[in-house]
Amino acid sequence: MIRFGTRFLASRVAWRVVALFVVAALVPLALMVALSLSYVRDTLMDQGQQRLAGSAKAYGMDVIARMLDASDLVKHAVDAGVDPKDVFHATQPFRSLTLADPDGAFPQRLGPTLVVTLTEAQRKRLEAGQRVAHVEPQTEQAAAAVVVVVPVGRPDRRRWAYAELNPAYLWGDLAAWPTAMQFCVAEWSSLAPIFCAGAVPEAAMRADRGQPARSAREPIAWEADGARQRSATWGLFLNVEFGTGDWIVVATLPEAELLRPAVAFKGVFLPVAALALLVVVWLSLRLIRSTLTPLEQLTRATRRVVAHDFGSRVEITRDDEFGELASAFNAMTRRLGKQFTALNAMAEIDREILSSRDLERVVLTALRHLHHLVPAQAIGVVLLDQDNGSLARTSFAACRRPEDVTTVRIPLGADDATLLRQSPAGTWFPATEPCPECIRVVLSSSAQAAFAYPIEWREALCGSLVFAVDAPTSLTEDELAQVREAAARMAVAVSSAWRDAQLYRQAHFDALTGLPNRPLFLDRLSQEIAHCQRDDTRFSLLFIDLDHFKKINDTQGHSRGDAVLVETAQRLLRCVRSSDTVARLGGDE
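Okay, so let's go over this structure. If you're wondering where the values come from, they're calculated on a predicted model, not measured in any experiment.

A few points about the overall build of the protein chain
For the protein chain, the helix and strand inventory stands at 16 helices and 16 strands. Long-range contacts, defined as pairs at least 24 residues apart, comprise 56% of the intrachain contacts of the protein chain with a sequence gap of at least 6. Carbon and sulfur atoms make up 55% of the accessible area of the protein chain, which amounts to about 33600 Å² in all.

Structure representation (C-alpha cells):
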C-alpha cells in the first residue's frame, strides 16, 4: 500500500504542479462529460421525436381504420338484412345508431339520438352512395362526438344510417402505448379539439397548421403546468373517404420521460468520471511526490552545503535520473568538502605564516591540518638545516592525534637529498625498501609506504612533506594539487625564516669570524651591567688587539690576515665559557 505524506505539498512548486495536473485532467474530463451528456441528450431527443412521429402516424391510421370498420359494419349488416338492433347490441363501436330517410324521417332509433345537420355537399355525397363523417363540437355539457353517416339499402330505397362512434372504441386503449404518451385529435381548420387525453397542445397544433400534412417536422416543444413537453403531429386526410375536413393527430411525451435513459446514464457516467478524476489525481500525486521528494532532499542538501556542511549525503536509491543526480551531487559534495577543508587548511597555514615568523609554529600548524589533504596514518615535515645541509629536523604526528608532535634531528646521508628531490611530483618509499632515515621515522608500524613531496625554494631543496599511508597508491589530481600547494606554502615559510635568520646574522654577527659585532656586544654589555647591579656582583671586560697585524696583511695578503683573525677568534672561544661573550669590534680588536 502506498502512503502519501503531506510534507511535499508544503512547497509552492508542489501546489502549482498539483493544480496544473488537476486542471489538465479536470478540463478534458469535464469537457468529455459535457459533450457526452449533450450527445446522449440530443440522441435521446432525436430518437424520442422519431418515436413520437411514428406513434402519431400509427395512432392516426388506427383511428381511420376504426372509422372505416365501423361504417363498413353498418353498411354490410343493413344491406344483408340484419336487424339494426342486433348490430347495435352485439358490437361496441356505436354509441347510437339511427336510420333515417333522405327526407328527414327517422323510422328507427337505437340509443340516444344525436341530431346531425348535414351540409349540402354532404347530402350530395350521400346521395352518390359515399359515406360521410361529421364532428359535433364539444360543449360545456358534452364532449365532441364523431358521427359516421353511411348510405344503406337499394338505390330506390336508400336510407342513411347515422352511427355515433363510441369514444372508447374510436380512440382506443391508451394503455397499449408507451407510458405517459398522450394523444390529441383536432380539426385542421379550426384547431377545435375532438379528443384529448391530456392537456390540449395548442402550441403544437398552431405550429403545424402551416405545414403540409404527413411531412417531417422539427421538434415541437411547449410547456404544460411548468413541465416541458415534446410533440409530433400527423395529418389525417378524411375528405376522400369521409368527405370532411382533415384532422391533426398530436402525440405528446414529457421531456423528462424522453430523457429518462439520460438520467440513468448520468447516474452511472458521473460516478465513473469522478472515479477517473480521482485516479488521475492519485496518479498525479504519486508522480509529483516521486519527483518533488528527491528535489526537496536535494534542496535541503544544497542548503547544508551553503552552510558549509559537506558531510551529509542525499539518500536516494533509485535507478533513474534522480538517482544519477543524487550520486553526482554526493560526489560533488565530497569533492567540495575536501576542497573546502583543504582551503581552510591552507588558510590556517597562510595565517600562521603571515602572523608569525617562528618556523616551529608554522610546522605545528601544518601538521594539524595536513591530514585533511591526503588520507594517511601519519604526516611529517622534514626541514634541512640552513647552516648545515647534512642535518635535517623531522617533525611528525599521527593523524588521529595531530596535536602530539614529535621532533627529531637526523643526519642526512650522502644520497638522501638526491632521493628526496628525485621526482618533482613526489616519490613513493615502500616500507620494505631502504629509504632516508628522516622518512622512516614518520612510518608507523602499520604503514606500508610513505609519499614524500619536496619543498623547494628557487630550485633549492628546503625539506619534504611526508605522508605515511596504508598502501602505495597514486594520489588523485586534487590531492596532488593540494599537496603541491601545501609544499609551496611551506617553502615560503622556510625561505622567510631563513631570510630572517640571515638578516639577523648579518646585523648582529661578524661576517668573517662569526663573532658578535659591536652592536650586539654593546647590547650584551648593557645587559650584563644591569644584571650585576641587580645582584651586586662583578664581571670582567678584556679588550684585545693583535700586535703587528698590519705587517701580516702587507706581507702575506689580506686572505692570510683574515685567516689569522678567524683562528684568533676560535682560540679565544676555547678559552672562555659558553656563557661568556667574545666579540669583534672591528679590525684586529
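Quick look at the pattern of salt bridges
All told, the structure shown has twelve salt bridges when counted by the stated rule. Linking D404 and R401 is a salt bridge whose minimum nitrogen-to-oxygen distance equals 3.7 Å.

Remarks on the environment of T179
Along the chain, the position of T179 falls in the loop between helix 4 (167-171) and strand 6 (182-187). In this structure T179 comes out as exposed when scored by relative accessible area, which is 62%. Sequence separation of T179 and E257 is 78 residues, and the distance between their C-alpha atoms is 8.4 Å. Excluding its chain neighbours within four sequence positions, the residues that come into contact with T179 are L253 and E257.

Quick look at the layout of surface pockets
A volume near 930 Å³ is recorded for the largest pocket. At five residues, the largest contribution of residues to the lining of the largest pocket is made by helix 14 (residues 518-535). Broken down by class, the residue content of the lining of the largest pocket amounts to 16 nonpolar, seven polar and eight charged.

Details of the state of the cysteines
Linking two cysteines covalently via their sulfur atoms produces the bond known as a disulfide. Across all of its chains, the model carries one disulfide by this definition. Disulfide pairing places C184 opposite C196 at an S-S distance of 1.8 Å. You can see C184 sitting in strand 6 and its partner C196 sitting in strand 7 (residues 193-196), a full twelve residues away along the chain. Exposure remark for C184: the relative accessible area of 2% places this residue in the buried category. Here C435 is not disulfide-linked; the sulfur of C438 is the nearest cysteine sulfur, at 8.2 Å.

As for the packing of helix 8 (residues 260-306) against helix 9 (residues 321-355)
A packed helix pair is summarised by two numbers, namely the angle formed by the two axes and the spacing between the axes. At a minimum axis separation of 11 Å, helix 8 and helix 9 run at an interaxial angle of 5°. Looking at the two axes, helix 8 sits roughly parallel to helix 9. Each of S290, T291, P294, L295, L298, A301, T302 and V305 in helix 8 lies in contact with helix 9, whose residues at this interface are F322, L325, A326, F329, T333 and L336. Split by residue class, the contact of helix 8 with helix 9 holds ten nonpolar, four polar and no charged.

Digging into unusual backbone geometry
The backbone of A180 sits at a positive phi, close to 70°, despite the residue not being glycine. Considering the arrangement of structural elements, one finds A180 in the loop between helix 4 and strand 6. Judged by relative accessible area, A180 falls into the partly exposed class, the value being 36%. Phi at D536 is positive, roughly 60°, even though this residue is not glycine. With respect to the helices, strands and loops of the structure, D536 is situated in the loop between helix 14 and helix 15 (549-556).

Side note on a nonpolar patch on the surface
Taken together, L275, L278, V279, W282 and L283 make up a surface patch of nonpolar side chains, about 480 Å² in accessible area. Considering the arrangement of structural elements, one finds L275 in helix 8.

Description of the packing of aromatic side chains
Using the criterion set out here, one finds seven aromatic pairs in the structure. An angle of 70° between the planes, with centres 5.9 Å apart, marks the rings of Y59 and W177 as edge-to-face. Of this pair, Y59 sits in helix 1 (residues 12-79) while W177 is found in the loop between helix 4 and strand 6, placing the two residues 118 residues apart along the sequence. When sorted by exposure, Y59 lands in the same class as W177, which is buried. When the ring of W177 is compared with that of F183, the centres are 5.0 Å apart and the planes differ by 65°; the resulting orientation is edge-to-face. Each member of the pair, W177 as well as F183, is classed as buried. Three or more aromatic residues joined by ring pairs make a cluster, and in this case those are Y59, W177 and F183. Across the ring face of F242, the terminal group of R131 is positioned such that the distance to the ring centre comes to 5.9 Å.

Basis of the calculations
Residues numbered from 1 in each chain as written. Predicted model: local features only at pLDDT ≥ 70, side-chain atom pairs only at ≥ 80, totals over all residues. Heavy atoms only, no water. Helix = DSSP H or I, 4+ residues; strand = E, 2+ residues; numbered from the N terminus. Contact = heavy atoms within 4.5 Å. Areas by Shrake-Rupley, 256 points an atom, 1.4 Å probe, with all protein chains shown as cover. Salt bridge = Lys/Arg side-chain N within 4 Å of Asp/Glu carboxyl O. Buried < 20%, exposed > 50% of the residue type's maximum accessible area, 1.4 Å probe, protein only. 1 Å grid on protein atoms, 1.4 Å probe; cavity = no way out; pocket = protein on both sides within 12 Å on 5 of 7 lines; lining within 4 Å. Points joined across faces, edges and corners; volume = space filled by probe spheres on them. Nonpolar A, V, L, I, M, F, W, Y, C, P; charged D, E, K, R; others polar. Disulfide = S-S within 2.5 Å. Axes fitted to C-alpha atoms, helices over the stretch in contact; angles between N-to-C directions. Parallel < 35°, antiparallel > 145°, perpendicular 65-115°, else oblique. Patch = residues over 30% accessible without salt bridge, like charges linked within 9 Å, V, L, I, M, F, W, Y side chains within 5 Å. Phe/Tyr/Trp six-rings, centres within 6.5 Å; stacked < 30°, edge-to-face > 60°. Lys NZ or Arg CZ within 6 Å of the ring centre and 35° of its normal.

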